[in-house]
Amino acid sequence: QVQLVESGGGLVQPGGSLRLSCAASGSIYFVDTMAWYRQAPGNQRELVATIGSGGSTKYLNSVNGRFTISRDNAKNTVFLQMNSLSPEDTAVYYCYGRIWPYGSPIDDYWGQGTQVTVSS
């Protein structure tokens, strides 16, 4: 069974930085696209950043230039480096992976979410 486990959330002051990590575990044959989403109270979940298996990236306009998504394919791990954080970045951040397990079809997998709070 495939699982995505996030870490790295917390409380940070405006202008600060945080680094989120998400590791996929289980009987994995191939990991395609990985991404980070976020959901603030009262808002819909939105796509923050994606990274393809070859390393191509896309970003939400409001985080472009402040956030960097990267991955370690050998460890099936995706990272989100967040700099110059503002209160508007406060949300629960969710890891996503399009993953092909051994013996099963490719499918979408989600982490449990990690809280990021930007406040003075």
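To start, this report covers the structure provided alongside it. Residue positions are counted from 1 within each chain, in the order its sequence is given. For this predicted model, a pLDDT threshold of at least 70 governs which residues receive local features, and a threshold of 80 or more governs which side-chain atom pairs are given and counted, while totals over whole chains, interfaces and linings are taken from all residues. Only heavy atoms go into the side-chain values, all of them from the structure, while hydrogens and water stay out.

1. Here we look at the packing of aromatic side chains
Here is step 1: Ring geometry is summarised as follows: Phe, Tyr and Trp rings, the Trp one being its six-membered ring, pair when their centres sit within 6.5 Å, and such pairs are stacked at plane angles under 30 degrees, edge-to-face over 60 and tilted between the two. Under the definition given, this model contains five aromatic pairs.
Here is step 2: For the ring pair Tyr-37 and Tyr-96, a centre distance of 6.1 Å and an interplane angle of 70° mean the geometry is edge-to-face. Placement of the pair is Tyr-37 in strand 4 (residues 28–39) and Tyr-96 in strand 9 (residues 91–101), with a sequence separation of 59 residues.
Here is step 3: Of the residues examined, Tyr-96 reaches a relative accessible area of 12% and is grouped as buried.
Here is step 4: Put simply, the rings of Tyr-29, Trp-100 and Tyr-102 touch in pairs and so form one group of aromatic residues.
Here is step 5: Either the NZ atom of lysine or the CZ atom of arginine qualifies as a charge over a ring when it sits within 6 Å of the ring centre and within 35 degrees of the ring normal. One cation-aromatic arrangement involves Arg-45 over Trp-110; the distance from NZ or CZ to the ring centre is 4.9 Å. Only DSSP runs of H or I covering at least 4 residues are called helices, and only runs of E covering at least 2 are called strands; the numbering of each starts at the N terminus. In this scheme, a residue with accessible area under 20% of its type's maximum is buried, one over 50% is exposed, and one in between is partly exposed, where area comes from a 1.4 Å probe on protein chains only.

2. Comments concerning the state of the cysteines
Here is step 1: Only a pair of cysteine sulfur atoms within 2.5 Å qualifies as a disulfide here. All chains considered together, the criterion is met by one disulfide.
Here is step 2: Across a sulfur-sulfur distance of 2.1 Å, Cys-22 and Cys-95 are joined as a disulfide pair. As the torsion about the S-S bond is roughly -80°, the Cys-22-Cys-95 disulfide counts as left-handed. Taken as a pair, Cys-22 in strand 3 (residues 18–25) and Cys-95 in strand 9 lie far apart in primary sequence, 73 residues in all.

3. As for a nonpolar patch on the surface
Here is step 1: What goes into a patch is any residue over 30% in relative accessible area without a salt bridge, connected to like charges within 9 Å or, for nonpolar side chains (Val, Leu, Ile, Met, Phe, Trp, Tyr), within 5 Å. Calculation of accessible area relied on Shrake-Rupley with a 1.4 Å probe; when residues are assessed, cover is drawn exclusively from the protein chains displayed. Salt bridge criterion: a side-chain nitrogen from Lys or Arg within 4 Å of a carboxyl oxygen from Asp or Glu. A cluster of nonpolar side chains, contributed by Tyr-29, Phe-30, Trp-100, Tyr-102 and Ile-106, occupies part of the molecular surface with about 510 Å² of accessible area.
Here is step 2: Along the chain, Tyr-29 falls in strand 4.

By themselves, these are just geometric observations and shouldn't be taken as functional.
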